[in-house]
Amino acid sequence: MGRTLRNALKNRDIKLYLQPIVELDSGRYVGAEALARWELPGIGAVLPASFLPLLERRDLMVELDFFMLEEACALLAYWRRVGIEPVPICVNQSRAQFDQKEYDKRVLNLLQKYEVSPEYITLELTEGQPYGDRRQLRHIGKSLRNIGVRLAVDDFGAGFSAMPLLQTCDVDIVKLDSSFLLEGVSSQGRAALEHVIVLAHALGATALCEGVETREQAELLWELGCPLAQGFLYSRPVPTEVFGGLLAENRSRQAAGCHK
Ligand code: G
Ligand code: MN
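Fair warning: this is a prediction, and the values are worked out from it, not measured in the lab. (Residues numbered from 1 in each chain as written. Chains lettered and ligands numbered in written order. Predicted model: local features only at pLDDT ≥ 70, side-chain atom pairs only at ≥ 80, totals over all residues. Heavy atoms only, no water.)

Peer 1: What's the story with helix α10 (residues 240-255) in this structure? I'm lost.
Peer 2: One full turn of an α-helix is made of 3.6 residues, so residues set three or four places apart face in the same direction. For α10, which comprises 16 residues, the first-to-last C-alpha distance of 22 Å matches the rise-based estimate of 22 Å (1.5 Å per residue) to within 8%. Residues of α10 that are buried: Thr240, Phe243, Leu246, Leu247, Asn250 and Gln254. Across the axial projection of α10, the buried residues extend over an arc of 110°, all falling on one side. Exposed and oriented more than 90 degrees from the buried face of α10 are Glu241 and Ala255. Looking at the packing, one finds that the buried side of α10 touches β1 (14-23), β2 (29-40), α3 (61-82) and β10 (238-239). At the C-terminal side of α10, Gly257 shows a positive phi close to 85°. (Helix = DSSP H or I, 4+ residues; strand = E, 2+ residues; numbered from the N terminus. Expected span 1.5 Å × (residues − 1). Buried < 20%, exposed > 50% of the residue type's maximum accessible area, 1.4 Å probe, protein only. Arc of directions from axis to C-beta. Contact = heavy atoms within 4.5 Å.)

Peer 1: Would you mind showing me how to read the coordination of the manganese ion (ligand 2) here?
Peer 2: The textbook angles at a metal center are 109.5 degrees for a tetrahedron of four donors and 90 or 180 degrees for an octahedron of six. Protein coordination at the manganese ion (ligand 2) comes from Glu33 (OE), Asn92 (OD1), Glu124 (OE) and Asp154 (OD), with a distance range of 2.1 to 2.3 Å. Sequence spacing of the donors to the manganese ion (ligand 2): E-x58-N-x31-E-x29-D. Of this pair, Glu33 sits in strand β2 while Asp154 sits in strand β6 (residues 150-156); the two residues are 121 residues apart in sequence, bridging distant segments of the chain. Among the residues examined, Glu33 registers a relative accessible area of 5% and is labelled buried. (Donors = N, O, S within 2.8 Å, 3.2 Å for Na, K, Ca; no water.)

Peer 1: Looking at this structure, I do not really get the nonpolar core. What am I missing?
Peer 2: Counting 77 residues, the largest nonpolar core has Ile14, Ile121 and Leu144 as its most contacted members. No other element matches the twelve residues that α3 contributes to this core. The residues contacting Leu144, other than those within four sequence positions of it, are Phe98, Tyr103, Asp104, Val107, Leu123, Val149 and Leu151. Grouped together as the second largest cluster of nonpolar side chains are six residues, Ile21, Cys90, Ile173 and Leu208 included. (Core = buried A, V, L, I, M, F, W, Y, C linked by side-chain atoms within 4.5 Å.)

As structure tokens, then:
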């Protein structure tokens, strides 16, 4: 599997799909998350959940992360070339990246190679893996901020505590795990959701809820002051050409004054 994946990366069989990030107030697309899909002939698009656990063991995770970051930069460069006004792209990065020597340099090199403005890249750091050394965290967080990329905490509320990350790094976006929505209906669930939104904003970040599938969920989030959402309600992750169409459609609807 490891070798096959290496080949898949080389042959670009792993594709960058995009899922829109939506401003709840207006319905406007304000960004997109890059998601890896492995297109296997005869099988279809394989989700990372099926192949990521294998990667972790084989240390290919780092390669996949850089691959996706490069694809996102290449896409931003392409949009610029063809005159599409870009939206910032969130790219998932595993915990292992922080242990890479010169991680920040490699990020900077990619931005420079494609002449991408750093504010168009948001690095999503998952809560799914523990963050140990705060000194190292502070150091890498600072140098990424100096480069000018944005940072997001992913899967907040679902995994190990992302508190060290929130306390030591200047985070722009806190992505609330979709499990908050399952619990959102009970009074405890609602209180938890409401206060993680407050926490995110108190730390100077913006709250974004993932996995929004119904209107009711979107309304609850809006009521509780969560400004951003992402999920099947708006769109599934789609190939970049399809996303381009959705973005154009969203923009013309916005221009016509139609909300949501
Ligand atoms: O860990 P992370 O948040 O990056 O994972 C995102 C994953 O969640 C993607 O694989 C994506 O396909 C999936 N996803 C995106 N939106 C929804 C949704 O509304 N519901 C569900 N069940 N999954 C979603
Ligand atoms: Mn993510």
